[in-house]
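Each chain, written out:
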Amino acid sequence: MEIVVQPDGAAVCRLAADLVAALVAARPSAVLGLATGHTMVGVYEELVRRHGGGLSFRAVRSFNLDEYLGVPPEHPGSFHSFMAMHLLRHVDLPPAQARILDGLTADVPAECEAFEREIAAAGGIDLQVLGIGGDGHIGFNEPSSSLASRTRIKTLTAQTRTANAAAFGGEGQVPRHVLTMGVGTILDARRCVLLAIGERKAAAVAAAAEGAVTAMVPASALQLHPAVTLIADEAAASRLARRAYYDEVYAGKPEWQR
Ligand code: GLP
């Protein structure tokens, strides 16, 4: 895993946007795996700014990690709303090419299987952007998720419901069930970028990058992937034991690899 520490959250978001923008510029029909959450807000702000500077998403296809079950797309807490508000309303990515799981589906297994088939039909995900939960989850793959899991229904932990309470006007209103790409689905992406900002993520980041690969920390499965970049700010990186080494590796990265 490549580990890159940046001075602050804004720099994390800029670097993540650089990676997405470079891919889209080089391959206008790239397939992006997109994420939601506070961490992503600054990344999308940067991408919208770059769209203003000429970056086009017209031929891009995107697949979002997850969605709440039973929540209508127009609900302000839905990830459909999040994506519209922070990215899709502001760039030229056609709505039909931005796939988000249907939280109102009457047939959960069929919706999850269709989602997997659509990713495969698009040729797989070129770049998957990920945040990390305080408990080490990626997407909504909570601790104990199978590391081979595919897109499916999951039950949120109390910790995650608390973390996401604001969007629903209180913890009691947060749905218990969600649909999420599986850990195995995420590992199929050709490249992954894991973003972490703030002290609240420090323990999860250390466990994911330096701990054992375990279903108790779903993000640790990324250690099995050949092309992962973790971008963390100083606070989120504060519990990494090998921090000096990561800085040395990044500073000495050969130009041809950049
Ligand atoms: C949610 C999302 C994850 C995200 C995580 C962290 O649970 N399903 O994809 O990574 O929250 O969110 P935040 O960036 O708000 O801390």
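These figures come from a predicted structure and were not determined experimentally.

Draft legend 1. Inspection of the site of the ligand at higher detail. The environment of the ligand is formed by 14 residues, the closest being H38, T39, D66, H137 and K201. A distance of 2.4 Å separates an oxygen atom of the ligand from a polar side-chain atom of T39. At 2.6 Å, a side-chain N or O of K201 approaches an oxygen atom of the ligand. Taking 390 Å² as the accessible area of the ligand by itself, protein coverage stands at 95%.

Draft legend 2. Just the packing of aromatic side chains, in detail. According to the stated counting rule, one finds 7 aromatic pairs in the structure shown. Ring geometry for F79 against F140: centres 5.7 Å apart, planes inclined by 20 degrees, an arrangement best described as stacked. Of this pair, F79 sits in helix α3 (residues 79–88) while F140 sits in the loop between β6 (127–130) and β7 (152–155), and the two are 61 residues apart along the sequence. For F140, a relative accessible area of 2% gives the class buried. An aromatic cluster is present here, built from Y68, F79, F140 and F168 joined pairwise through their rings.

Draft legend 3. Here's a closer look at the sheet that holds strand β5 (residues 98–99). Taken in spatial order, the 7 strands of this open sheet run β1-β10-β9-β6-β2-β3-β5, and their pairing is parallel. Since the sheet does not close on itself, it has two edges, and those belong to β1 (2–6) and β5, each with one partner. Across 4 bridges, the pairing between β6 and strand β9 (residues 191–196) is parallel. In the sheet register, L130 faces β9, and the bridge partner there is L194. The strands that helix α1 (residues 9–26) touches are β1, β2 (31–34), β6, β9 and β10 (228–233); relative to β10, the one it contacts most, it runs at about 150 degrees.

Draft legend 4. Looking closely at α1. With 18 residues, α1 extends 26 Å between its outermost C-alpha atoms, agreeing within 8% with the 26 Å of an ideal straight helix rising 1.5 Å per residue. Considered for burial, the residues of α1 that qualify are G9, A11, V12, C13, L15, A16, A17, V20, A21 and V24.

Draft legend 5. Here's a closer look at the nonpolar core. Grouped together as the largest cluster of nonpolar side chains are 77 residues, with contacts concentrated most on Y68 and L195. With 8 residues, the top contributor of residues to this core is α1. If near-sequence neighbours (up to four positions away) are discounted, L195 is found in contact with V12, A16, T39, M40, V43, V129, L130, G131, I132 and I231.

Conventions adopted
- Residues numbered from 1 in each chain as written.
- Predicted model: local features only at pLDDT ≥ 70, side-chain atom pairs only at ≥ 80, totals over all residues.
- Heavy atoms only, no water.
- Near = heavy atom within 4 Å.
- Polar contact = N/O pair within 3.5 Å; in protein donor to acceptor, adjacent residues only side chain to side chain.
- Areas by Shrake-Rupley, 256 points an atom, 1.4 Å probe, with all protein chains shown as cover.
- Phe/Tyr/Trp six-rings, centres within 6.5 Å; stacked < 30°, edge-to-face > 60°.
- Helix = DSSP H or I, 4+ residues; strand = E, 2+ residues; numbered from the N terminus.
- Buried < 20%, exposed > 50% of the residue type's maximum accessible area, 1.4 Å probe, protein only.
- Pairing = 2+ DSSP bridges.
- Contact = heavy atoms within 4.5 Å.
- Axes fitted to C-alpha atoms, helices over the stretch in contact; angles between N-to-C directions.
- Expected span 1.5 Å × (residues − 1).
- Core = buried A, V, L, I, M, F, W, Y, C linked by side-chain atoms within 4.5 Å.

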